[in-house]
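Spelled out from the first residue to the last, the chains are:
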Amino acid sequence: MNENLQIRTFKKTGHIEVICGSMFSGKTEELIRRIRRAEIAKQRVKVFKPSIDNRYSEFEIVSHNEQSYPSEMVKDAEEILEKSFDVEVIGIDEAQFFDNNLINICQQLADSGKRVIVAGLDQDYRAFPFDPMPQLLSIAEYITKTLAVCVVCGAPANRTQRISDSNEHILVGAKNYYEARCRLHHVINIETENEISTDK
Ligand code: ADP
Ligand code: MG
């Protein structure tokens with residue numbers, strides 16, 4: 001065996017995949033589909049979500065059409081790194097709820113040869129980019145943008161409409177607070193737009 005071929009055989013290249021889109025667009029569904037395929041391939045997998053998202057379960061990620069997969073809740077991105085040394089494939093849901101350290105953590109995991117699949121909202125309810133998703137999109141090897149169905153007209157929906165009066169930047173909820181809307185039917189409350197607190 002020549003030397004180059006030997007290096008290729010022993011060294012495994014990692015990568016980052018990002019699944020982004022509005023609420024109800026199928027991000028969690030797609031993350032679960034990829035993780036299940038990795039399991040079929042007998043790879044060691046682990047799925048994480050931020051502790052802020054305990055909407056349906058503390059121990060699973062759950063999609064809006066009730067698919068689920070076991071997950072661990074973590075307080076921050078650093079904890080993902082600490083708990084991933086023994087796995088080959090890492091799934092991260094609701095990535096927009098982590099701070100910008102997630103970018104560094106995903107890079108470290110991918111650099112060490114792991115497959116990192118990150119799912120999250122690319123826009124907040126005002127249709128502004130939702131950190132750290134823009135940065136993750138720019139460093140990822142693979143990107144998938146999922147679209148929901150606009151509840152007003154049935155067109156492909158790229159945005160998330162908040163249907164509650166709150167102007168908190170982060171308001172965790174599902175059908176009680178949010179709807180999928182297309183560009184035409186997405187409405188932004190201009191008065192509250194500048195009062196947003198962006199604390200994470
Ligand atoms: P996300 O993680 O992007 O919020 P999920 O994967 O949890 O989305 O849920 C996707 C599922 O939500 C769809 O397969 C569908 O059954 C359901 N759903 C409910 N409302 C909508 C909508 N307006 N557009 C598309 N899917 C919807
Ligand atoms: Mg989801």
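Since the structure is predicted, the reported quantities are computational estimates derived from the model, not experimental observations.

Q: Honestly, the overall build of the protein chain in this entry has me stumped. Any pointers?
A: Per the secondary structure count, the protein chain includes six helices and twelve strands. In the protein chain, which comprises 200 residues, the share counted as buried stands at 35%.

Q: Before we go on, may I ask you to explain unusual backbone geometry in this structure?
A: Outside of glycine, negative phi angles account for most residues, and trans bonds account for most peptide bonds. Following D131, the chain continues to P132 via a peptide bond in cis, the omega torsion being 0 degrees. Within the secondary structure, P132 is located in the loop between β7 (115-121) and α5 (133-139).

Q: Whenever I open this one, helix α2 (residues 27-40) confuses me. Can you help?
A: Helical geometry: 3.6 residues make up each α-helical turn, so side chains three or four residues apart lie on a common side. A rise of 1.5 Å per residue sets the reference length of α2, with its 14 residues, at 20 Å; its end C-alpha atoms lie 20 Å apart and thus fit the reference within 8%. Within the span of α2, buried status applies to K27, T28, L31, I32 and I35. On an axial view of α2, the arc spanned by its buried residues comes to 130 degrees, and they lie on one face. Turned more than 90 degrees away from the buried face of α2, the exposed residues are R37 and I40. Just past α2, the residue K42 takes up positive phi, approximately 60 degrees.

Q: I'm lost on the nonpolar core in this one. Help?
A: A general tendency of soluble globular proteins is for nonpolar side chains to be buried together. Among the nonpolar cores identified, the biggest contains 40 residues, and I16, A95, C106, V116, V118 and L136 are the most heavily contacted of them. Sorting the residues of this core by element identifies β1 (15-21), α2, β2 (45-50), α3 (77-82), β6 (89-92), α4 (101-111), β7 and α5 as the ones contributing at least two each. Ranked by residues supplied to this core, first place goes to α4 with six residues. If sequence neighbours within four positions are ignored, I16 has contacts with C106, A110, V116, V118, L136, I139, A140 and E141.

Q: Honestly, the sheet that holds strand β5 (residues 72-74) in this entry has me stumped. Any pointers?
A: Note on sheets: strands pair through backbone hydrogen bonds, and any given pair is parallel or antiparallel. Ordered in space as β5-β2-β6-β7-β1-β8, the six strands form an open sheet in which the pairing is parallel. Every other strand in the sheet has two partners, leaving β5 and β8 (142-146) as the edge strands with one partner each. Sheet twist, expressed as the mean angle between neighbouring strand axes with direction ignored, is 20 degrees. By the bridge criterion, three bridges tie β2 to β5 in an arrangement that is parallel.

Reading guide: rules and limits
- Residues numbered from 1 in each chain as written.
- Chains lettered and ligands numbered in written order.
- Predicted model: local features only at pLDDT ≥ 70, side-chain atom pairs only at ≥ 80, totals over all residues.
- Helix = DSSP H or I, 4+ residues; strand = E, 2+ residues; numbered from the N terminus.
- Buried ≥ 20, exposed ≤ 12 C-beta atoms within 10 Å, placed from the backbone.
- Expected span 1.5 Å × (residues − 1).
- Arc of directions from axis to C-beta.
- Core = buried A, V, L, I, M, F, W, Y, C linked by C-beta atoms within 7 Å.
- Contact = placed C-beta atoms within 7 Å.
- Pairing = 2+ DSSP bridges.
- Axes fitted to C-alpha atoms, helices over the stretch in contact; angles between N-to-C directions.

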